[in-house]
Every structure is written in structure tokens, then in C-alpha cells.
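Take a look at the letters that make up each chain.
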Amino acid sequence: MIPSNVRPIKKEKMKKKETEEDIRKKKQLKAKVKARSSMPFVFEVPTTLEALHDMIATHASTGADASLVIQRIYAANSVRLNKNNKEKMQNFYDVLLRRFIAVGDAVHSSGDGGPDLGRYEQLTALTKILYKMAQDSPQCAGAVWGRRLGIFQKALAKRLRDSELVSVDGCDDD
């Protein structure tokens, strides 16, 4: 028997909260399935980082989807499939290096980003693809790395030149 001063728990509210959460999860699952099913298997090779980001924004909803887009670009346009893809894939290698830098900077500034972004997994996938591309065409990878390291060196030299050097001892002998 329930005493008269105790209200019974309304089961409807508990069920309603659970159903709202279930509905949200179902919507997310549908969005993921739709994104994966509508994602083509063959992509054109993007020539700029912005083009890659546009492609990822169009076809991916999570970090894993973004990695899948990049994997499909590599698989469909590999140098091993067609030697004429060498120049396109060299440009794509440079785009992937810049994407790697951008994702690494995002990890440094704001962490992994949760399960949806999965920046660490994106870095892992990018590393694997960059390695495979370097195995396919080592001369192209070496040329891209040489250019990218030159850019890093120039940027560092400019930062050092522009910074003010402060005296460490701070005392005068006069």
C-alpha cells in the first residue's frame, strides 16, 4: 500500500526522456548511414586543401567518414593503377600534408574533439595513407617533403627575425 502523502512516480516522463534520447540516436544513425550510402567510391583528386575540405564537408559527417573519403581518393587514383596519376597524386600528397598539419594543430589547441571528430584516428589514417603514397612514389614524396620543410624553415627564420631578443643577464657593468 502506498501512503496517501506519497505521489506515485510517473512512468510516462521516464519513458518520454528515454524515447527522446532514442530518437536522437536513431537520427544520428540514419545520418551516418545516409552519408556512407550516398558517398561515392570514386572521387576526383582535390588540388587544394579548401577543395578537400569542401569534399569532406559534403560527404562526411564524422572524422571516420573524412578518413574514408581520403582513403577512397587514394585508392581510386593511385599511381600503381595509372602512372599518369603521378602529378595529381604529388599535389594530393602536399594537400594531405597540409591536412595533417591542420588536424595536428587542432589536436594541440582543442584535443581529440570527441568520438564524432576523432582527430587522433584521423591522424592515424592520414599517416597510413601518406606512408602508402610514399611507398608508391618515393621521389614525389621526397620532393614534397623537401618543399614543405623549406616552407617550415622560412617561417621559423621569419619568426626568429621578427621576435625581439631580450637580454638574459639584465644587469649593466657601468
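Going by the structure above, here's the rest.
Residues numbered from 1 in each chain as written. Predicted model: local features only at pLDDT ≥ 70, side-chain atom pairs only at ≥ 80, totals over all residues. Heavy atoms only, no water.

(A) Focus on the overall build of the protein chain. If you tally the helices and strands in the protein chain, you get seven helices and zero strands. Each of the 174 residues in the protein chain was classed as buried or not, and the buried ones make up 29%. Taking contacts inside the protein chain between residues at least 6 apart in sequence as the whole, the part at least 24 apart equals 66%. Carbon together with sulfur atoms contributes 56% to the accessible area of the protein chain, which is approximately 13000 Å² in total. (Helix = DSSP H or I, 4+ residues; strand = E, 2+ residues; numbered from the N terminus. Buried < 20%, exposed > 50% of the residue type's maximum accessible area, 1.4 Å probe, protein only. Contact = heavy atoms within 4.5 Å. Areas by Shrake-Rupley, 256 points an atom, 1.4 Å probe, with all protein chains shown as cover.)

(B) Representation of the nonpolar core. One finds L52, I70, I73, F92, L96 and M133 to be the most contacted residues of the largest nonpolar core, which totals 29 residues. It is helix 4 (residues 86-110) that contributes the most residues to this core, eight residues altogether. Sequence-distant contacts of I70, defined by excluding residues within four places in its chain, comprise L52, I56, F92, L96, R99, L126 and I129. (Core = buried A, V, L, I, M, F, W, Y, C linked by side-chain atoms within 4.5 Å.)

(C) Local environment of the environment of K132. Checked against the element boundaries, K132 lands in helix 6 (residues 119-136). Overall, K132 belongs to the partly exposed group, its relative accessible area being 45%. It is 9.2 Å that separates the C-alpha atoms of K132 and Y74, two residues lying 58 residues apart in sequence.

(D) Representation of helix 3 (residues 63-76). Helix length check: helix 3, at 14 residues, gives a terminal C-alpha distance of 20 Å against a target of 20 Å (1.5 Å per residue), a fit within 8%. All of the buried residues along helix 3 are G63, D65, A66, S67, V69, I70, R72, I73 and Y74. (Expected span 1.5 Å × (residues − 1).)

(E) The pattern of salt bridges, seen in detail. Scanning the model with the defined rule gives five salt bridges in all. Among the salt bridges present, the one from E21 reaches K25, with a minimum N-O distance of 3.5 Å. In this pair, E21 and K25 are both assigned in helix 1 (residues 11-38), four residues apart and thus about one turn of the helix distant. On the accessibility criterion, E21 (39% relative accessible area) is partly exposed. Linked by salt bridges that have partners in common, D94, R98 and R148 make up one network. (Salt bridge = Lys/Arg side-chain N within 4 Å of Asp/Glu carboxyl O.)

(F) Seen up close, a nonpolar patch on the surface. A grouping of W145, L149, I151 and F152 is seen on the molecular surface, where their side chains present a nonpolar patch of about 380 Å² in accessible area. Owing to a relative accessible area of 44%, I151 belongs among the partly exposed residues under this scheme. (Patch = residues over 30% accessible without salt bridge, like charges linked within 9 Å, V, L, I, M, F, W, Y side chains within 5 Å.)

(G) Broad picture of the packing of helix 4 against helix 6. Helix 6 packs onto helix 4 with a crossing angle of 155 degrees between their chain directions and a minimal axis gap of 10 Å. Relative to helix 6, the element helix 4 is oriented roughly antiparallel. The element helix 4 and its partner helix 6 pack so that their crossing is left-handed. Between helix 4, through M89, F92, Y93, L96, L97, R99, F100, V103, G104, A106, V107 and S110, and helix 6, the contact on the second element is made entirely by R119, Y120, Q122, L123, L126, T127, I129, L130, M133 and A134. (Axes fitted to C-alpha atoms, helices over the stretch in contact; angles between N-to-C directions. Parallel < 35°, antiparallel > 145°, perpendicular 65-115°, else oblique. Left-handed = near helix turned anticlockwise from the far one by under 90°.)

(H) Just helix 6, in detail. Given a rise of 1.5 Å per residue, 18 residues ought to cover 26 Å, and the 25 Å separating the end C-alpha atoms of helix 6 matches this to within 8%. Among the residues of helix 6, R119, Q122, L123, A125, L126, I129, L130, M133 and D136 are the ones counted as buried. Down the axis of helix 6, the buried set is contained in an arc of 165 degrees. They therefore lie on one face. Of the exposed residues in helix 6, those oriented more than 90 degrees away from the buried face are E121, K128 and Y131. Where helix 6 is buried, its residues meet helix 3, helix 4, helix 5 (114-117) and helix 7 (138-162). (Arc of directions from axis to C-beta.)

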